[in-house]
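So the chains spell out like this:
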Amino acid sequence: MADGLHLARLVYLQMVGHCYDGLPDEGCGLLGGDPRTAQASRCYPTDNLAHSSRIYTVDPKAYLAADRDAEARGMAILGVFHSHTHTDAYPSPTDVAQAPDPDWHYVLVSLRDIAPVVRSYRIVDGKIREEPVVLDSQ
Amino acid sequence: MAVEVRLPNILRPHAGGQATVSTEGSTIGDVLKALVADYPGMAGQLVTETGEMHRFVNVYVNDDDVRYLDKLDTKVTDGDTVSILPAVAGGGF
């Protein structure tokens, strides 16, 4: 298993930018790439159907489109990102309870402070394990 | 009606790792029942004990969410693609 999540630079920028654009609500989206190497090379920003600063729901129709697009590119959806507008970049009890896939990477973007904080986690059987985030140069 | 069913990652181990399987049915309810009959490991993950769609599962017939059609009674036709995706949600608290 790859150690950590590799984010293409553009993916990182698009992800954080989308989270800021979503304010005051939580922003969310999906990450596409190669699950075998944990390389996220595509960002799929989605609407937050909950329209809330406390919870998020990825638009299912956007997930369907992202899933198809990733497959057409020879990739797969390998994780989800969302922002915490006022709390740490750490999975909440809600995040853990609703984590849909134990193989996914769960990226949290905290917008609490002036600079965004990005952290990634694996959530398996209710257990949280932080993993390094490696920003690729391109 | 013969349909193709796209499985989410989390259900693929129950289908021998296959991402797409073929099955038959006249409605979404039939299709999901047939899936469980073919792959018993999926029992309880798609439809609840009371016979309703599982809250954390989204099912599409081609591009349409069956929750906005007839739910489990949504009809399918030959060649339709049924996509099953987990709900993705969470929050800051």
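(A) Geometry of the sheet that holds strand S5 (residues 76-84) of chain A. Residues and elements named next belong to chain A. Spatially, S8-S7-S6-S5-S2-S3-S1-S9 is the arrangement adopted by the eight strands of the open sheet, whose pairing is mixed. Two strands close off the open sheet at either side, each with one partner strand: strand S8 (127-131) and strand S9 (133-135). For this sheet, the mean inter-axis angle between neighbouring strands, taken without regard to orientation, is 35°. Relative to strand S7 (residues 117-124), strand S6 (residues 105-110) is paired through five bridges, and the arrangement is antiparallel.

(B) Seen up close, the interface of chain A and chain B. Contacts between the two partners involve 24 residues from chain A, matched on the other side by 16 residues from chain B. Listing elements by their share of the side of chain A that touches chain B, those giving two or more residues are strand S4 (55-57), helix H2 (60-72), S5 and helix H3 (93-97) of chain A. A per-element tally of the side of chain A that touches chain B places H2 of chain A first, with five residues. The residue makeup of the side of chain A that touches chain B, split by class, is eight nonpolar, nine polar and seven charged.

(C) How the structure looks around the sheet that holds strand S5 (residues 81-86) of chain B. Residue and element names in this part refer to chain B. Pairing is mixed across the open sheet formed by five strands, whose spatial order is S2-S1-S5-S3-S4. Here the strands that pair on one side only, and so sit at the sheet edges, are strand S2 (20-24) and strand S4 (64-65). In this sheet, S2 lies alongside strand S1 (residues 2-6) in antiparallel orientation, the contact comprising five bridges. Across the sheet, Val3 pairs through a bridge with Thr23, a residue of S2. Sheet strands touched by helix H1 (residues 28-38): S1, S2, strand S3 (57-61) and S5. Its angle to S2, the strand with the most contacts, is close to 115°.

So, how was this worked out
- Residues numbered from 1 in each chain as written.
- Chains lettered and ligands numbered in written order.
- Predicted model: local features only at pLDDT ≥ 70, side-chain atom pairs only at ≥ 80, totals over all residues.
- Pairing = 2+ DSSP bridges.
- Helix = DSSP H or I, 4+ residues; strand = E, 2+ residues; numbered from the N terminus.
- Axes fitted to C-alpha atoms, helices over the stretch in contact; angles between N-to-C directions.
- Contact = placed C-beta atoms within 7 Å.
- Nonpolar A, V, L, I, M, F, W, Y, C, P; charged D, E, K, R; others polar.

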